[in-house]
Amino acid sequence: MLLYCVPVANMRAFFLNHLGKNLLRLLVAVLLVFSVQLSRADQLSLVPMPPTDKEPEWLLGSGKANLADFAKMDVPDGYRFCGPIGARTLLLRMRNPVPPNLVGILAPNTGKWWIVLSFSDIGYVKGMDRNTRIDAEAVLKLVRENLETQNELLTRQGMSPIASVDWASKPVFDASRGSLEWAIRAETRTEKIVNLRAEMETQGVINHTVRLLGRRGALDATAVELDTADAEVIPLKDLVNHITFNRGEAYADYQSGDKVAKLRVEEIIAGAEAKKPMPAYL
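Summarised in this report is the structure supplied together with it. This one's a predicted model, so the numbers in the text were calculated from it and none came from an experiment.

Rules of the game
- Residues numbered from 1 in each chain as written.
- Predicted model: local features only at pLDDT ≥ 70, side-chain atom pairs only at ≥ 80, totals over all residues.
- Heavy atoms only, no water.
- Buried < 20%, exposed > 50% of the residue type's maximum accessible area, 1.4 Å probe, protein only.
- Helix = DSSP H or I, 4+ residues; strand = E, 2+ residues; numbered from the N terminus.
- Pairing = 2+ DSSP bridges.
- Axes fitted to C-alpha atoms, helices over the stretch in contact; angles between N-to-C directions.
- Parallel < 35°, antiparallel > 145°, perpendicular 65-115°, else oblique.
- Contact = heavy atoms within 4.5 Å.
- Nonpolar A, V, L, I, M, F, W, Y, C, P; charged D, E, K, R; others polar.
- Polar contact = N/O pair within 3.5 Å; in protein donor to acceptor, adjacent residues only side chain to side chain.

## Remarks on the pairing of strand E6 (residues 79–82)
Inference 1: Burial along E6 is two-sided: Tyr-79 and Phe-81 facing one way and Arg-80 and Cys-82 facing the other are all buried.
Inference 2: Where strand E3 (residues 58–60) lies against E6, three bridges are found, and the strand directions are antiparallel. Considered in E6, the bridge of Leu-59 is made with Phe-81.
Inference 3: Pairing between E6 and strand E7 (residues 102–108): four bridges, direction antiparallel. By the bridge assignment, Phe-81 is partnered in E7 with Leu-106.

In structure tokens form, the structure reads like this:
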């Protein structure tokens, strides 16, 4: 699980043009957190790229969007969806890492926040049922162990390193929906000058993820939420309910011989370490 910073200055002009003037409340957030595999291929995706002349194309709700070849989403009224090409352009313009299997971005027409959709082809996760229990402390331990490596990547990008991570909501499995859900609070501390004196400014954001398990892997919907008392509540679970796997792609469609995930569920949530030859993408 990588933790990434979003330069506020880069976000301001772009999103005011594309998602609306109400984004100013979100601009105080400096982090975007979502799960991707910490592999060599993913590190290459962290290299900043110049923006293209082609503007992202948005599908306005209500409408139906294809999520690659494995799922569909009914985009509700008041929301807009951008496919993988446009979503990649958006993330690169914000100097934001792009997950290798980016599916798209969903945002309200107000432009106050957004949800990143990505697919992890980890294979079928065996043994998930109503009795599944997840060791939250083991997950958090793995995330913290990877923090040094993640901060090295952030520093190369000229972004603030992550000072601390903790659970905002511990991971749980919903057997009726076939979904994992968790939320992590990440915090940065940046030095700023006030009245000719150096002060530390603390900024935090909650990264809320709902992961839908399918036959070939998992579809992640990750929302960025301000860690403030007056932050708008993002209806992530309700929006995820608008996603359905195509015929033959659901978790229940598993067949003998399908690729099976070789990681424990705790490792799947935390992300595989770069130094280990993990056969899964996350």
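After that view, the rundown keeps rolling.
## Side note on the pairing of strand E11 (residues 197–213)
Inference 1: Two elements, strand E10 (residues 179–194) and E11, share 16 bridges in a ladder whose sense is antiparallel. Residue pairing for E11: Glu-187 is matched across the bridge by Gly-204.
Inference 2: Between E10 and E11, which pair antiparallel and follow one another directly, the connecting turn spans two residues, one of which, Asn-195, has a positive phi of 55 degrees.
Inference 3: Direction of pairing for E11 relative to strand E12 (residues 218–226): antiparallel, over a ladder of nine bridges. Across the sheet, Arg-211 pairs through a bridge with Asp-220, a residue of E12.
Inference 4: Connecting E11 to the next strand, E12, in antiparallel fashion are four residues.

## A word on the sheet that holds strand E13 (residues 243–245)
Inference 1: Strand order in the open sheet made by the three strands is E4-E5-E13, with antiparallel pairing throughout. Edge strands, defined here as strands with exactly one partner in the open sheet, are strand E4 (63–67) and E13. Between one strand and the next, the sheet's axes are offset by a mean angle of 25 degrees, whatever the strand orientation.
Inference 2: Here E4 pairs with strand E5 (residues 71–75) via five bridges, running antiparallel. By the bridge assignment, Asn-66 is partnered in E5 with Lys-72.

## What about the packing of helix H4 (residues 136–145) against helix H5 (residues 147–156)?
Inference 1: One way to put it is that H4 packs onto H5 with a least axis distance of 5 Å and a crossing angle of 45 degrees. By the angle class used here, H4 and H5 are oblique. Mapping the contact onto sequence places Val-143, Arg-144 and Glu-145 in H4 and Leu-147, Glu-148 and Gln-150 in H5.
Inference 2: Residues of the contact of H4 with H5, tallied by class, amount to two nonpolar, one polar and three charged.

## Digging into the side chain of Glu-249
Inference 1: Here Glu-249 shows up in the loop between E13 and helix H7 (265–270).
Inference 2: Residue class for Glu-249 comes out buried when judged on its relative accessible area of 15%.

## Focus on the sheet that holds E10
Inference 1: With antiparallel pairing, eight strands are arranged side by side in an open sheet as E3-E6-E7-E8-E12-E11-E10-E9. Each having just a single partner strand, E3 and strand E9 (164–174) make up the two edges of the open sheet. When the angles between neighbouring strand axes are averaged without regard to direction, this sheet yields 20 degrees.

## Some points on the side chain of His-208
Inference 1: The topology assignment puts His-208 in strand E11.
Inference 2: Engagement of the side chain of His-208 in a polar contact is seen with the side chain of Glu-181, the distance being 2.7 Å.
Inference 3: Setting aside chain neighbours within four positions, we find His-208 in contact with Glu-181, Trp-182, Ala-183, Ala-221, Thr-222, Ala-223, Glu-225 and Leu-236.

By themselves, these observations are geometric and do not establish any function.
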